[in-house]
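# Structural characterization, general
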Amino acid sequence: MAVRAALLALCLGVAGALRAPMSMSIAVGEKFPSASLSKLGCAGSNSVIYFYGADEAPSCTKQAEGFDASMGDFSGVKVVGVRNDAGVKDGFSDKYAQSFYVDAGDAIREEIGIPKDFFGFLGGRETYVVDKAGTVQMVFNGQLNPEKHVEAAKAAVAELGASSGGGGFEFKLPF
């Protein structure tokens, strides 16, 4: 019995050593990299930034359609969909009200540490809500339910507005 336990411990140790280290993306309360915010056109703006795999893929299209249908809930908030250069299809971004950005070589995705899904075959699907100061207010990760990214972002944007007492946006009188 002791030999069996030792063998099991050895196997588990080897399996753990062979597994890729778990990577984590930036978390709530951390700063989104300012250079990346500038590239995305989000510097100084309340923003929803969502990373997806490829234009015209069924779940990615659902996600883009969901954000497009909810643009009224994101009034005054910059919404940007981000995919890599391999995921671009001509004409896709022209169908939607939000902005799109091509992340050449997954540079931003790697900088913020979005882990790959499905044994490394798919780029991770993550959505961030970032305030004007560049602080991450929400992170949502889920490959299989793209519609939930939209709902989570809407709730976070509403909370961002409620917590700042004025919709989270600066109001200036015209005189």
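For the structure, check the block above.
What comes next is a walk through the structure. The shown structure was predicted, so the numbers you read here are calculated from the model rather than taken from an experiment.

### Considering the nonpolar core
Side chains that are nonpolar tend, in soluble globular proteins, to be buried together. Ranked by size, the top nonpolar core spans 20 residues in total, and within it Val48, Tyr50, Phe67, Phe74, Phe100 and Val129 carry the most contacts. Looking at this core, the elements with two or more residues in it are strand 1 (47-51), helix 3 (58-69) and helix 5 (146-164). For this core, the leading source of residues is helix 5, giving six residues. Setting aside anything within four residues of it in sequence, one finds Phe74 in contact with Val48, Phe67, Val79, Val150, Ala153, Lys154 and Val157. If you look at the next biggest cluster of nonpolar residues, it comprises 15 residues, including Cys42, Val80, Val130 and Val136.

### As for the sheet that holds strand 5 (residues 136-141)
Pairing within the open sheet is mixed, and its five strands lie in the order 3-2-1-4-5. Two strands bound the open sheet, and with one partner strand each, they are strand 3 (99-103) and strand 5. Neighbour-to-neighbour, the strand axes of the sheet open up by a mean angle of 20 degrees, direction not taken into account. In this sheet, strand 3 lies alongside strand 2 (residues 78-84) in parallel orientation, the contact comprising five bridges.

### Here's the deal with the packing of aromatic side chains
Using the criterion set out here, one finds 10 aromatic pairs in the structure. Here Phe92 and Tyr96 contribute two aromatic rings whose centre-to-centre distance is 5.1 Å and whose plane-to-plane angle is 55 degrees, an arrangement assigned as tilted. In this pair, the class of Phe92 matches that of Tyr96, namely buried. Seen from their ring centres, Tyr96 and Phe100 are 6.1 Å apart, and the 55 degrees between their planes marks the pair as tilted. Of the two residues, Tyr96 and Phe100, both sit in the buried class.

### A short note on the pairing of strand 2
Counting buried positions along strand 2 yields six of seven residues, so the element is predominantly enclosed. Taking the sense of rotation as the criterion, the β-α-β connection linking strand 1, helix 3 and strand 2 turns out right-handed.

What counts and how
Residues numbered from 1 in each chain as written. Predicted model: local features only at pLDDT ≥ 70, side-chain atom pairs only at ≥ 80, totals over all residues. Heavy atoms only, no water. Core = buried A, V, L, I, M, F, W, Y, C linked by side-chain atoms within 4.5 Å. Buried < 20%, exposed > 50% of the residue type's maximum accessible area, 1.4 Å probe, protein only. Helix = DSSP H or I, 4+ residues; strand = E, 2+ residues; numbered from the N terminus. Contact = heavy atoms within 4.5 Å. Pairing = 2+ DSSP bridges. Axes fitted to C-alpha atoms, helices over the stretch in contact; angles between N-to-C directions. Phe/Tyr/Trp six-rings, centres within 6.5 Å; stacked < 30°, edge-to-face > 60°. Right-handed = clockwise from strand over helix to strand, strands pointing away.

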